[in-house]
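Fold and contact review
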Amino acid sequence: MMLGEKVENFVVKREDDQFKRLNVIVIGAGYVGLCTGIVMAHIGHSVLCIDINTDKIALLEQGMAPIYEINLEAMLAGCRNNLSFTTELPKRLGDTDIVIIAVGTPSKENGDADMQYVDQVIIDITSKIEEAQDLIIVMKSTVPIGSNQEMFRRVNNLLSDRGVQANVNFVSNPEFLREGKAIYDSFYPDRIVVGGNNDSAIGAVKNMYYPLLNKTFIMPQYMDQNFESSLPSLVVTDFLTAEMIKYASNAFLATKVSFINEIAGLCDKVGADILDVSIGMGLDNRIGKGFLHAGLGWGGSCFPKDTLALQSIAREYDYEMPIIEAARTINTRQIIFVLRKIQGLLKVIRGKKIAVLGLSYKPGTDDIRDSVSVEIVKRIVRLGGSVSVYDPVALDNARKELASDSVNFCSSIICAIESADAVLIATEWQEFLEVDWREVKLKMRSPIIIDGRNLLHKKILSEMGFTYVGVGR
Ligand code: NAD
Ligand code: UGA
């Protein structure tokens, strides 16, 4: 359906005698559930993916991806024999070994994770559990500390209310995939974390992941066949620690980005170049080069909500988390800094036309949840500017969110920059690097680039006659 993906067929390796094929149900066919379901099917399990969103399931049944994620449709086509879709749990769960929960846990107004979707799924699953059944419930949704333990108890209480005796266990198995690289990350995770209190349930989840842990799966054909990665590490721990590993990881990554953005602000003042600072810092193995790319700040469906949820949990203990608080503050002010740069260059935004390139919260996805780009478009409109927006895949998702007479949705970069007073790079899509900037310059009213993602070559663009402003450069 999207971006002309190649459809290929895959063969699943079965000679591995340590691998036991399981019947797996994945509940929630979003970014996490769908990618998990597809990869589990590819490695040989029999997978049923369930989502209450009928439109999503209808598309999936036709082999079309409801979200943009590289290689998703090729993967869908390749594992159809092991993968089916539906909108409801089957009447009986008797043949099911593992149910994976991957529904959303968005932020509530007060910052808590909203558990309503998980709660509903727990009720649905429990109502289908039969007498003497063995079942493992794997929690992949990001849930507050203590949730798995609490749900384990709740399931057992609900079962005893129904007078059903069954052997149901929980395993916390947080997900670490990144959007835009979701299929790749699902095949090659750095680590797999399993938290629980039952060795046999943990053993079954290890078996589910056996082909990934031992890299015995057949690599999909479109992946670089010479690609070498080390085996993922397996972390076995208790429920609470598994839950904390997830929140701490996201909070740390968000903090790392905010740290480099804070340094970028000072680079702007003193005249240093943040790109070289990031390289110079990242070469220290103790620091590592990831998540040191300065720009407009972090968005997406996870860093904002998970840092909020962690603060919410801490508040229950009157425990302050000043580092996370600072990371969030820096992230918010980053948008203001970039807006000030636009004001500095245009003086008055009212009446000006600004082209905003990129709407998704990062490249490689059509997800606009908590996208910094979307927020900045809204602010420019509030300041009286008009905005022409372009994104290779996220335009449709943004249409409702940004519906305004002052926002013009464009189907190409060239259409967006026509007569613009300035162009803002808000998401670092490769396409923006490859466009002919000489042609762009001819069509703009004034050749001003605000590179909110430090994507472009400052020197080359300056030589072309652009006024170029990055973040910390
Ligand atoms: P999503 O919003 O893309 O998908 C969730 C899906 O669950 C939706 O399609 C929704 O219709 C479905 N759903 C809701 N209630 C349901 C029910 N009762 N039965 C069946 N389906 C139901 O969410 P996501 O981005 O995939 O995230 C899922 C969870 O994984 C969240 O807790 C998130 O924090 C976590 N997570 C997300 C990512 C990511 O990159 N998106 C990465 C790691 C962890
Ligand atoms: C993040 C984590 O990286 C995943 O491990 C985790 O599973 C996921 O959240 C989750 O829990 O949902 P994701 O949000 O998909 O994944 O994307 P990232 O690549 O982490 O980027 C998040 C935000 O940080 C984006 O807005 C991105 O533009 C920004 N970012 C990232 C920077 O500004 N600079 C960087 O150096 C890196």
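Further up the page is the structure itself.
Counting buried residues along strand S1 (residues 23-27), four of its five residues qualify, which places the element largely inside the surrounding structure. Inspection of the sheet shows S1 paired to strand S2 (residues 46-50) by five bridges, in the parallel sense. Bridge pairing in S2 links Val26 to Cys49. Of the pairings in the sheet, the one linking S1 to strand S4 (residues 98-101) comprises four bridges and is parallel in character. What sits directly across from Val24, in S4, is Ile98.

Attention now goes to the packing of aromatic side chains. Counting across every chain of the model gives ten aromatic pairs. Aromatic pair Phe152 and Phe170: ring centres 6.2 Å apart, planes at 65°, arrangement edge-to-face. Note that Phe152 is positioned in helix H5 (residues 147-162) and Phe170 in strand S6 (residues 167-172), a separation of 18 residues in sequence. Across the pair, Phe170 and Phe152 agree in class, each one buried. Ring geometry for Phe152 against Phe239: centres 6.4 Å apart, planes inclined by 50°, an arrangement best described as tilted. Highlighted residues: Phe152 in helix H5 and Phe239 in helix H9 (residues 239-270), separated in sequence by 87 residues.

The next thing to look at is the packing of H5 against H9. Here H5 crosses H9 at 135°, and the two axes come no closer than 8 Å. Overall, the two elements H5 and H9 adopt an arrangement that is oblique. Where H5 abuts H9, its residues Ser147, Asn148 and Gln149 lie against Phe239, Leu240 and Glu243. The class makeup of the residues in the contact of H5 with H9 is two nonpolar, three polar and one charged.

It is worth spelling out the packing of helix H4 (residues 116-128) against H5 at this point. Closest axis-to-axis distance for the H4/H5 pair is 10 Å, and the angle between their directions is 40°. Overall, the two elements H4 and H5 adopt an arrangement that is oblique. Relative to H5, H4 is oriented so that their crossing is right-handed. Along its contact with H4, which presents Val118, Asp119, Ile122, Thr126, Ser127 and Lys128, the element H5 presents Met151, Arg154, Val155, Leu158, Leu159 and Arg162. Counted by class, the contact of H4 with H5 contains six nonpolar, two polar and four charged residues.

Our focus in this paragraph is the site of ligand 1. In the vicinity of ligand 1 there are 26 residues, among which Asp51, Lys56, Thr105, Glu179 and Lys305 approach most closely. One of the backbone nitrogen or oxygen atoms of Val32 is found 2.9 Å away from an oxygen atom of ligand 1. For ligand 1, whose unbound accessible area comes to 840 Å², protein coverage reaches 90%. If you list the elements that add at least two residues to the shell around ligand 1, you get helix H1 (31-42) and H4. Across the shell around ligand 1, the residue classes break down as eleven nonpolar, eight polar and seven charged.

Let us look at the sheet that holds strand S11 (residues 407-409). Taken together, the six strands give an open sheet; going across it, the order is S11-S10-S9-S12-S13-S14, and neighbouring strands pair in parallel fashion. Looking at strand neighbours, the two that pair on one side only are S11 and strand S14 (467-469), the edges of this open sheet. Along the sheet, successive strands turn relative to each other by an average axial angle of 20°, direction set aside. Note that strand S12 (residues 422-425) and strand S13 (residues 448-451) share three bridges and pair parallel.

Lining the immediate surroundings of ligand 2 are 21 residues, of which Leu177, Lys246, Asn250, Cys302 and Tyr361 lie closest. Phe176 places a main-chain nitrogen or oxygen 2.8 Å from an oxygen atom of ligand 2. A distance of 3.5 Å separates an oxygen atom of ligand 2 from a polar side-chain atom of Arg453. Protein burial of ligand 2: of its 700 Å² of free accessible surface, 90% is covered by the chains. Ranked by the residues each element gives to the shell around ligand 2, the list is headed by H9, at four residues. Taken together, the residues of the shell around ligand 2 sort by class into ten nonpolar, four polar and seven charged.

Rules used in this analysis
The residue count restarts for each chain, going from 1 along the sequence in the order it is written. As a convention, the first chain written is A and the first ligand written is 1, with the rest following in written order. Confidence filtering applies because this is a predicted model: local features only for residues at pLDDT of at least 70, side-chain atom pairs given and counted only at 80 or more, and all residues used for totals across whole chains, interfaces and linings. Water and hydrogen atoms were dropped before computing side-chain values, which therefore reflect all heavy atoms in the structure. The rule is simple: take the accessible area with a 1.4 Å probe, protein chains only, and divide by the maximum for that residue type; under 20% is buried, over 50% is exposed, in between is partly exposed. Each helix corresponds to a stretch of at least 4 residues labelled H or I by DSSP, and each strand to a stretch of at least 2 residues labelled E; elements are numbered beginning at the N terminus. Between any two strands, pairing holds if DSSP finds at least two bridges. Between the rings of Phe, Tyr and Trp (Trp by its six-membered ring), a pair exists once the centres lie within 6.5 Å; its type follows the angle of the planes, with under 30 degrees stacked, over 60 edge-to-face, and the other angles tilted. Fitted lines through C-alpha atoms give the axes, limited to the stretch in contact for helices. The angle between two N-to-C directions lies from 0 to 180 degrees. The scheme is simple: roughly parallel for angles under 35 degrees, roughly antiparallel for over 145, roughly perpendicular for 65 to 115, oblique for anything else. When checking whether two residues touch, look at their non-hydrogen atoms; a contact exists if any pair is within 4.5 Å. Throughout this entry, Asp, Glu, Lys and Arg are counted as charged residues, while Ala, Val, Leu, Ile, Met, Phe, Trp, Tyr, Cys and Pro are counted as nonpolar. The remaining residues, Gly among them, count as polar. For a crossing to be left-handed, the near helix must be turned anticlockwise from the far one by less than a right angle; the clockwise case is right-handed. The near set for a molecule or strand comprises every residue that places at least one heavy atom within 4 Å of it. A 3.5 Å cut-off defines polar contacts: any pair of N or O atoms within that distance qualifies, except that in protein one atom must be a possible hydrogen donor and the other a possible acceptor, and neighbouring residues in sequence count only when both atoms are side-chain atoms. Per-residue and other accessible areas follow the Shrake-Rupley method at a 1.4 Å probe size, with only the shown protein chains counted as cover for residues.

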